[in-house]
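Here's the letter readout for the chains.
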Amino acid sequence: MENLFDGIFAGKRVFITGHTGFKGSWLALWLNQMGATVKGYALPPNTQPSNWESMHLDIESVVGDVRDKNHLAAEMTSFKPDIAFHLAAQPIVLESYNNPQTTFETNLMGTVNFFEAVRNTPEVKVAINITSDKCYQNNEWVWGYRENEPMGGDDPYSASKGCSELITHSYLKSFFSADGSCHIASARAGNVIGGGDWANYRILPDFFRAIQKNEKLEIRNPLATRPWQHVLEPLSGYLLLAKKLWCEGKTFSGGWNFGPIANEQHSVRELVDLLIQCVGQGDYYTPDKDGLLHEATLLGLDVSKAALHLQWKPVLNFEETAEFTARGYLDEINGNGTLTDKRIEQLKEYSKLAKERKIVWS
């Protein structure tokens, strides 16, 4: 594993905000397996079960809120990381309707506090802010959004992610472009799925909770199209981007999309039908739309920039994405051996497929 990404992460000190979350815990695992020394800063997991708690990773973990500027800065400066990833966020669209103030405080000021901590930690040479495909002003186009499209968002979550991107751009131009001491970027991913995500208001956790309860799954928008991708896909993009920033500098600063290729955009119904095939059980229904809060119907990303300049591309097709995801959940639900070993096994399988398919980072 240490040879992945040309071995760039072996021996590096890496700071992660939001390491107790779904994507953050997988990123911590991958970095740990590649020989990095990892320190995480996050609130305690807010789901049960929790991928982070179930894996029992041997890394330094600090309980902290990204809205606490002084605490975040103190933990980062004392660790002296080479690379920093910012994943801490309020990540749920429907939750942003319930708590818009918390969403904006966390997703805006959390980003500001992260970059302020980076600014005051001279050892940091690479810093990446992880946002979302929902940062774009969504016009319900059939084509994917490119990195130079306008930021926006109607719901509080999407608006907050658009603002987080603007904050990143401002810090890049105002503080990090002159001396080149630290190279920063933002990464926008689509709808990320995989074993270990137990958040509310998400289709995969809801699907497996419904199966456990022998209930039908409620699908709010069955025809909504999303850029579904297994969690390891965008993480490979984040890691490749970090490597490029480390080795080649500001050429790779700015915003980057990571998502499935254009012909792999699928609807919610298609995903659930495929999951039912993978698992061998499950059913669903669609409620009346009256009173439902707004969610986008069409949303996709154009990943041409990452394909051209990073030579990045997804490893898994749609069917493999569903199979990897279903297996990740069943490993946890059925207690098939030690979960950490199962997660590492899936990570190694993914990396092996990447090598067989001549993916550049493998």
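Anyway, here's the lowdown on the structure attached to this text. Computed from a prediction, not measured in an experiment: that's the story for all the values here.

Looking at the overall build of the protein chain
Link 1 in the chain: Summing up its helical and strand segments, the protein chain has 12 helices and 13 strands in all.
Link 2 in the chain: Here the C-alpha atoms of the protein chain give a radius of gyration of 19 Å, agreeing with the 21 Å that 2.2 N^0.38 yields for 362 residues.
Link 3 in the chain: Projected onto the principal axes, the alpha-carbon positions of the protein chain cover approximately 55 × 45 × 40 Å.
Link 4 in the chain: In the protein chain, which comprises 362 residues, the share counted as buried stands at 58%.
Link 5 in the chain: At a minimum sequence separation of 6, the contacts of the protein chain that also span at least 24 residues come to 79%.
Link 6 in the chain: Carbon and sulfur atoms provide 48% of the accessible area of the protein chain, an area that totals close to 14900 Å².
Link 7 in the chain: Distance between charge centroids for the protein chain: 6 Å, based on 35 positive and 44 negative side chains.

Remarks on helix 3 (residues 69-79)
Link 1 in the chain: The complete set of buried residues in helix 3 reads Leu72, Glu75, Met76 and Phe79. The arc enclosing the buried residues of helix 3, seen along the axis, measures out at 95°, which places them on a common side.

Here's the deal with empty space enclosed by the protein
Picture a little ball the size of a water molecule; that probe, rolled over the atoms, points out where space is still empty.
Link 1 in the chain: For the structure shown, the criterion picks out 1 cavity of 30 Å³ or more.
Link 2 in the chain: Empty space within the largest cavity amounts to approximately 30 Å³.
Link 3 in the chain: Surrounding the largest cavity, His86, Ala88, Ala89, Thr106, Asn107, Thr111, Asn129, Ile130, Lys161 and Ser164 form its lining.
Link 4 in the chain: Only helix 5 (100-119), strand 5 (126-130) and helix 6 (156-176) provide two or more residues apiece to the lining of the largest cavity.
Link 5 in the chain: Considering every element that reaches the lining of the largest cavity, the biggest residue donor is helix 5, with 3 residues.
Link 6 in the chain: Among the residues making up the lining of the largest cavity, the classes are represented as 3 nonpolar, 6 polar and 1 charged.

Cut-offs used in this document
- Residues numbered from 1 in each chain as written.
- Predicted model: local features only at pLDDT ≥ 70, side-chain atom pairs only at ≥ 80, totals over all residues.
- Heavy atoms only, no water.
- Helix = DSSP H or I, 4+ residues; strand = E, 2+ residues; numbered from the N terminus.
- Rg over C-alpha atoms; globule rule 2.2 N^0.38 Å.
- Buried < 20%, exposed > 50% of the residue type's maximum accessible area, 1.4 Å probe, protein only.
- Contact = heavy atoms within 4.5 Å.
- Areas by Shrake-Rupley, 256 points an atom, 1.4 Å probe, with all protein chains shown as cover.
- Lys, Arg positive; Asp, Glu negative; His and termini not counted.
- Charge placed at Lys NZ, Arg CZ, Asp CG, Glu CD.
- Arc of directions from axis to C-beta.
- 1 Å grid on protein atoms, 1.4 Å probe; cavity = no way out; pocket = protein on both sides within 12 Å on 5 of 7 lines; lining within 4 Å.
- Points joined across faces, edges and corners; volume = space filled by probe spheres on them.
- Nonpolar A, V, L, I, M, F, W, Y, C, P; charged D, E, K, R; others polar.

Taken by themselves, the reported measurements are silent on function.
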